[in-house]
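# Examination of the molecular architecture
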Amino acid sequence: MAVTRTFSIIKPDATRRNLTGAVTKMLEEAGLRVVASKRIHMTRDQAEGFYAVHKERPFYNDLCDFMTSGPVVVQVLEGEDAVARNRQVMGATNPAQADEGTIRKTYAESIEANSVHGSDSDENAKIEIDFFFSPDEIVG
Ligand code: CMP
């Protein structure tokens, strides 16, 4: 299996509850390495741009409000089959449907305040990493 990269966000509901370390521990225990990380307060422009693919969805505005409501931690994760590995440890988008032992089952409050975001494909991982990081910020 090839070593690849994916993009992760620890969302405002998790930073508010001081869960950055707990979430990162679960990512690391799943075999992912944090090769870039920064805590930021997303601007409205960043949130709208990042989630532009959801622009027509009814939850888009609330999602952008939520993602700008507090600090987030954006990360680049590296590991074997990183996108799939991260999606497995995150669990389903809706925590009510997430498997036991996943980050969202353990920590998420709702489908919106679901503690983490992770890329859904290698193509989107590259786009999302480039959205928040320059190459010199990623140290593998
Ligand atoms: P994320 O992986 O960050 O990608 C889009 C986000 O929209 C998703 O996680 C959810 O937190 C959020 N969201 C809010 N409402 C919904 C919904 N009804 N269906 C899917 N995603 C939703």
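Residues numbered from 1 in each chain as written. Predicted model: local features only at pLDDT ≥ 70, side-chain atom pairs only at ≥ 80, totals over all residues. Heavy atoms only, no water.

- In the nomenclature of an unreviewed UniProt entry, the protein is known as Nucleoside diphosphate kinase of Sphingomonas hankyongi.
- Heading Subunit (unreviewed entry) of the UniProt record for the protein holds this comment: "Homotetramer."
- We quote the UniProt Subcellular location (unreviewed entry) comment for the protein here in full: "Cytoplasm". (UniProt positions renumbered as here; feature names shortened; annotations may be inferred.)

### Quick word on unusual backbone geometry
- Positive phi, close to 50 degrees, is recorded for Asp-81, a residue that is not glycine.
- Residue classification places Asp-81 among the partly exposed positions, given a relative accessible area of 32%. (Buried < 20%, exposed > 50% of the residue type's maximum accessible area, 1.4 Å probe, protein only.)

### Things to note about the pairing of strand S3 (residues 72–80)
- Most of S3 sits out of view: 8 of its 9 residues are buried.
- As defined by bridge partners, strand S1 (residues 3–10) adjoins S3 across 8 bridges and the pair is classed as antiparallel. Opposite Ile-10, over in S3, you have Val-73 as the bridge partner.
- When strand S2 (residues 33–40) meets S3, the two strands line up antiparallel, connected through 7 bridges. Within the sheet, the bridge partner assigned to Ala-36 lies in S3 and is Val-76. (Helix = DSSP H or I, 4+ residues; strand = E, 2+ residues; numbered from the N terminus. Pairing = 2+ DSSP bridges.)

### Considering the pattern of salt bridges
- One pass over the structure, following the stated rule, counts 10 salt bridges.
- The salt bridge partner of Glu-29 is Lys-25, with a shortest N-O separation of 3.0 Å. Linking Glu-29 with Lys-25, this pair stays in helix H2 (residues 20–29), spanning 4 residues, or about one helical turn.
- We classify Glu-29 as exposed; its relative accessible area is 60%.
- Put simply, Glu-137 and Lys-38 hold a salt bridge, and the shortest N to O gap is 3.1 Å. Taken as a pair, Glu-137 in the segment after helix H7 (122–132) and Lys-38 in strand S2 lie far apart in primary sequence, 99 residues in all. (Salt bridge = Lys/Arg side-chain N within 4 Å of Asp/Glu carboxyl O.)

### What to know about the UniProt feature "binding site: ATP" (unreviewed entry) in the protein
- Under the local residue numbering, the UniProt record ascribes the feature "binding site: ATP" (unreviewed entry) to Lys-11, Phe-59, Arg-87, Thr-93, Arg-104 and Asn-114. Lining of the largest pocket among the annotated residues: Lys-11, Phe-59, Arg-87, Thr-93, Arg-104 and Asn-114.
- Take Lys-11: its relative accessible area is 5%, and that puts it in the buried class.
- Setting aside its immediate chain neighbours within four residues, Lys-11 contacts Tyr-51, Phe-66, Met-67, Pro-71, Val-72, Glu-112, Asn-114, Ser-115, Val-116 and His-117.
- Relative to the helices and strands, Arg-87 resides in helix H5 (residues 82–90).
- Those residues in contact with Arg-87 that lie beyond four places of it in its chain are Gly-118, Ser-119 and Asp-120. (1 Å grid on protein atoms, 1.4 Å probe; cavity = no way out; pocket = protein on both sides within 12 Å on 5 of 7 lines; lining within 4 Å. Contact = heavy atoms within 4.5 Å.)

### Overview of the site of the ligand
- Every residue near the ligand is listed here: Lys-11, Tyr-51, His-54, Phe-59, Leu-63, Thr-93, Arg-104, Ile-111, Glu-112, Asn-114 and His-117.
- Within the side chain of Lys-11, one N or O atom sits 2.7 Å away from an oxygen atom of the ligand.
- Here the ligand has 460 Å² of accessible area as a free molecule, and 78% of this is covered by the chains.
- Here the ligand occupies the largest pocket.
- Residues belonging to the shell around the ligand are distributed by class as follows: 4 nonpolar, 4 polar and 3 charged. (Near = heavy atom within 4 Å. Polar contact = N/O pair within 3.5 Å; in protein donor to acceptor, adjacent residues only side chain to side chain. Areas by Shrake-Rupley, 256 points an atom, 1.4 Å probe, with all protein chains shown as cover. Sits in = over half its atoms within 2 Å of the grid points. Nonpolar A, V, L, I, M, F, W, Y, C, P; charged D, E, K, R; others polar.)

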